[in-house]
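Residue-level listing of the chains:
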Amino acid sequence: VQLVESGGGLAQAGGSLNLSCAVSGSPFSFDAMAWYRQAPGKQREMVAGITTLGGTTTYIDSVKGRFTISRDNAKNTLSLQMNSLKSEDTAVYYCHAQVWQYAANYWGQGTQVTVSS
């Protein structure tokens, strides 16, 4: 199973970026997918998540109203639209996928997002 992120880079405060995660090699469907981030010196945190069944989404308070997570099951991709970016959004962003039946967790290699103020 491979999860490959793209779309990171440098943005100005108030700007936008769209992250994508392409999934390949998975023999089964994931039950949930999410975006995590880790800033220097801080713990990794879940930014946004989405379930396969029902498409239920969840966000941390600091990104509510600014970020939108979405999933294209047909294309096997996960996206994160990030608007109104702030300097505190600077971090490495990771794609994550779960298969609950097997307690399996999969991670991408991460993509750097840097927001300049």
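Predicted model, so just to flag it, every value in this text is computed and none were measured. (Residues numbered from 1 in each chain as written. Predicted model: local features only at pLDDT ≥ 70, side-chain atom pairs only at ≥ 80, totals over all residues. Heavy atoms only, no water.)

Undergrad: How should the pattern of salt bridges be read in this particular structure?
TA: Pairing of side chains with opposite charge becomes possible as their charged atoms draw close. Within this structure, the stated rule accounts for four salt bridges. With its nearest N and O atoms 3.0 Å apart, the salt bridge here joins Asp-89 to Arg-37. Here Asp-89 is found in the loop between strand E8 (77-82) and strand E9 (91-99), whereas its partner Arg-37 is found in strand E4 (residues 32-38), with 52 residues between them in sequence. No difference in accessibility class separates Asp-89 from Arg-37, as the two residues are buried. Connected through salt bridges with shared partners, the residues Arg-37, Glu-45, Arg-66 and Asp-89 form a single ionic network. (Salt bridge = Lys/Arg side-chain N within 4 Å of Asp/Glu carboxyl O. Helix = DSSP H or I, 4+ residues; strand = E, 2+ residues; numbered from the N terminus. Buried < 20%, exposed > 50% of the residue type's maximum accessible area, 1.4 Å probe, protein only.)

Undergrad: Explain the packing of aromatic side chains here, please?
TA: How two aromatic rings sit relative to each other is given by the distance of their centres and the angle of their planes. Scanning the entire structure with this criterion turns up three aromatic pairs. Measuring from centroid to centroid gives 5.8 Å for Phe-30 and Tyr-106, while their planes differ by 55°, and the two rings are tilted. Placement of the pair is Phe-30 in the loop between strand E3 (17-24) and E4 and Tyr-106 in strand E10 (residues 104-107), with a sequence separation of 76 residues. The class of Phe-30 is buried, set by a relative accessible area of 2%. Ring geometry for Tyr-94 versus Trp-107: centroids 6.4 Å apart, planes at 85°, classification edge-to-face. Linking Tyr-94 in strand E9 with Trp-107 in strand E10, this pair joins segments that are 13 residues apart in sequence. Tyr-94 gets classed as buried once you look at its relative accessible area, which sits at 13%. Following the ring pairs from residue to residue traces out a cluster consisting of Tyr-36, Tyr-94 and Trp-107. One residue, Arg-44, lies across the ring of Tyr-94, its end atom 3.7 Å from the ring centre. Here the guanidinium or amino end of Arg-44 rests over the ring plane of Trp-107, the centre of that ring lying 4.7 Å away. (Phe/Tyr/Trp six-rings, centres within 6.5 Å; stacked < 30°, edge-to-face > 60°. Lys NZ or Arg CZ within 6 Å of the ring centre and 35° of its normal.)

Undergrad: Is there a simple way to think about the sheet that holds strand E1 (residues 2-6) in this case?
TA: Each strand in a sheet pairs with its neighbour through backbone hydrogen bonds, running either in the same direction (parallel) or in the opposite one (antiparallel). Reading across from one edge, E1-E3-E8-E7 is the order of the four strands in this open sheet, with antiparallel pairing throughout. Every interior strand has two partners, whereas the edge strands, E1 and strand E7 (67-72), have only one. Along the sheet, successive strands turn relative to each other by an average axial angle of 15°, direction set aside. Here E1 runs beside E3; their pairing, made up of five bridges, is antiparallel. From the neighbouring strand, Val-4 faces E3, where its bridge partner is Ala-22. (Pairing = 2+ DSSP bridges. Axes fitted to C-alpha atoms, helices over the stretch in contact; angles between N-to-C directions.)

Undergrad: Which parts of the structure should I look at to understand the state of the cysteines?
TA: Two cysteines whose sulfur atoms are joined by a covalent bond form what is called a disulfide. For the structure on display, the rule yields one disulfide. Each sulfur in the disulfide pair Cys-21 and Cys-95 lies 2.1 Å from the other. As the torsion about the S-S bond is roughly -80°, the Cys-21-Cys-95 disulfide counts as left-handed. Of this pair, Cys-21 sits in strand E3 while Cys-95 sits in strand E9, and the two are 74 residues apart along the sequence. With a relative accessible area of 1%, Cys-21 lands in the buried category. On the basis of relative accessible area, Cys-95 is assigned to the buried category, the value being 0%. (Disulfide = S-S within 2.5 Å.)

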